[in-house]
Amino acid sequence: MNGMIAGKREGLVFISKMCTSKSLLGPTRLSAMKDTDKNTNMEITIKEYLAFAKNQIKLLEKHLDTVVNGRKGVRFLFPLCGKAIDMKWLADMGHTVVGVEISEIAIQHFFSEQNLTYTEELVPAIPGAKLFKSSDGKITLYQCNLYDFSKYSLH
């Protein structure tokens, strides 16, 4: 899948986008890293980012049957999820989503932009972490460092 990596681990499908973003919260522009030998910076507009995100959904949609392999209610992991709109798309299809994001603001913006109500609670097993869960239980986002999350066992 060009631009995306999909994999399976212990009954959990994980999705990773081949895009490293510095900030998804800028009002008019996004800063992103261009993957080159010099690792130079570039800027893209919000409109360009949304076009990119929609293209990623098309890629996921194109390969979803292969990833899901006929299963219903698959649990997807989105490391460094930010405000990925494909999380809602998968949840709307009946799957569950687990995301990990360091930015609490990005998580709150995701729920707000997707018009989803959610609960918020502390995660005692991960110091300083919070859990944001959609009211329907299909989307669970952990606000913590990805390395701390990797030590945590999902049930």
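Up top is the structure.
Residues numbered from 1 in each chain as written. Predicted model: local features only at pLDDT ≥ 70, side-chain atom pairs only at ≥ 80, totals over all residues. Heavy atoms only, no water.

This next bit is on the pairing of strand 9 (residues 130-134). Side chains on a regular strand alternate between the two faces of the sheet. With five bridges connecting them, strand 8 (residues 118-122) and strand 9 associate as antiparallel partners. Bridge assignment links Glu120 to a residue of strand 9, and that residue is Phe132. Pairing between strand 9 and strand 10 (residues 139-143): four bridges, direction antiparallel. The partner of Leu131 across the bridge, within strand 10, is Tyr142. Taking the residues between adjacent antiparallel strands as the criterion, strand 9 and strand 10 are bridged by four residues, where Gly137 takes a positive phi near 80 degrees. (Pairing = 2+ DSSP bridges. Helix = DSSP H or I, 4+ residues; strand = E, 2+ residues; numbered from the N terminus.)

Examined against the element boundaries, Cys144 turns out to sit in the loop between strand 10 and helix 4 (146-150). Exposure remark for Cys144: the relative accessible area of 6% places this residue in the buried category. Considered as a pair, Cys144 and Gly128 are 16 residues apart in the sequence and their alpha carbons are 7.2 Å apart. Once residues within four sequence positions are removed from consideration, Cys144 is found in contact with Val100, Glu101, Ile102, Ile126, Ala129 and Phe149. (Buried < 20%, exposed > 50% of the residue type's maximum accessible area, 1.4 Å probe, protein only. Contact = heavy atoms within 4.5 Å.)

This part is about the pattern of salt bridges. Going through the model one piece at a time under the given rule, you end up with four salt bridges. For Glu104, the salt bridge identified is with Lys130, shortest N-O distance 3.2 Å. Residue Glu104 is located in helix 3 (residues 104-113), and its partner Lys130 is located in strand 9; the two are separated by 26 residues in the primary sequence. Each member of the salt-bridge network shares a partner with another, and the members are Glu104, Glu120 and Lys130. (Salt bridge = Lys/Arg side-chain N within 4 Å of Asp/Glu carboxyl O.)

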